[in-house]
Amino acid sequence: MKNVGTSPADAASPSAAAAPDAARPPAPNAARPPAPNAGDGRTRHLVARTVLEQGPVTAAAVAERLGISATAVRRHLDALVADGEACTRESSRRGRRGRGRPAKLFLLTEAGRARFGHAYDDLAVSALRFLAEQSGEEAIRSFAERRMAALVEHHREALAAGGSVAERARVLADALTREGYAASTRTVGSGEQLCQHHCPVAHVAADFPQLCEAETEAFAEVLGTHVQRLATIANGDAACTTHVPHRSDTRADRSPGSRPRDC
């Protein structure tokens, strides 16, 4: 009678060895990680809106208002706090009963309010149109020049310390980045290409090109050389691009290096 048990040789063979987990097909009832809940973003927005409208407000009050569990609401509120979109404070003990800790109240921060949009661009455009109607186009230009002068003044000392035009252009790019313009430089042909990948006032500048003109003039002044604006976000381009020649020569704008390149 043969022994039908596994032989030592069979046990040692690769085919009899346990397959790696990655090669094994999943068991029919194996637990799988939950899929991302597409409704989480919508729920968090509803929680944030309720805090916006009712705040300062407790998690329990938000849960009651939305008809969802307090546990779920606290999870979303904690996420908003972690992202800097909400903050907390303790409620006043006045009028409270019992000896428990004061309830934690939630309210939105300025960053949290930003998710619901602002009308700053519309307000700025309306204000500048009113200024133009009351005082003329020259008033818009004066405003644009004063705005850029104030921005550059914060970084004038660092810009003056730069030796070559290329060094000053890099310092200017760093300064613009700190002001929210996400700027960088690269050497192109006969000069530097200053790229601003973001413009905080692009929507306003689309109606008032004086802002871009004043910016270009300010760049030329602090860099000590003629510059040429090649592209602007306000005009629909991907970035605001300015050619900065290495030599102080007004003919540099006709050099091959002044042609627009991708930033």
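For the structure, see preceding data.
Residues numbered from 1 in each chain as written. Predicted model: local features only at pLDDT ≥ 70, side-chain atom pairs only at ≥ 80, totals over all residues. Heavy atoms only, no water.

## So, the pattern of salt bridges
Two side chains bearing opposite charge may form a pair once their charged atoms approach each other closely. Enumeration according to the criterion identifies 10 salt bridges in this entry. For the salt bridge of Glu85 with Arg115, the shortest nitrogen-to-oxygen distance reads 2.8 Å. In this pair, Glu85 is assigned in the loop between α4 (70–82) and β1 (86–90) and Arg115 in the loop between α5 (110–114) and α6 (120–135), connecting sequence segments 30 residues apart. Glu145 serves as the salt-bridge partner of Arg141, at 3.3 Å between the closest nitrogen and oxygen. Placement of both Arg141 and Glu145 in helix α7 (residues 137–153) is noted, with a separation of four residues, approximately one turn of the helix. (Salt bridge = Lys/Arg side-chain N within 4 Å of Asp/Glu carboxyl O. Helix = DSSP H or I, 4+ residues; strand = E, 2+ residues; numbered from the N terminus.)

## Considerations on α6
Taking 1.5 Å of rise per residue, the 16 residues of α6 would be expected to cover 22 Å, and the 22 Å separating its terminal C-alpha atoms lies within 8% of that figure. Of the positions making up α6, those classed as buried are Val125, Leu128 and Ala132. Looking down the long axis of α6, one finds its buried residues gathered within 70° of arc, a one-sided arrangement. Turned more than 90 degrees away from the buried face of α6 sit Tyr120, Asp122, Leu123, Phe130, Glu133 and Gln134, all of them exposed. (Expected span 1.5 Å × (residues − 1). Buried < 20%, exposed > 50% of the residue type's maximum accessible area, 1.4 Å probe, protein only. Arc of directions from axis to C-beta.)

## Focus on the nonpolar core
Judged by nonpolar contacts, the single largest core of 32 residues is most densely connected at Met148, Val152, Leu172, Leu176, Leu194, Phe219 and Leu223. Looking at this core, the elements with two or more residues in it are α6, α7, α9 (165–178), α10 (202–207) and α11 (210–223). Among the elements that line this core, the one with the most residues is α11, at seven residues. The contact partners of Val152, leaving out residues within four places of it in the chain, are Leu159, Ala218 and Val222. (Core = buried A, V, L, I, M, F, W, Y, C linked by side-chain atoms within 4.5 Å. Contact = heavy atoms within 4.5 Å.)

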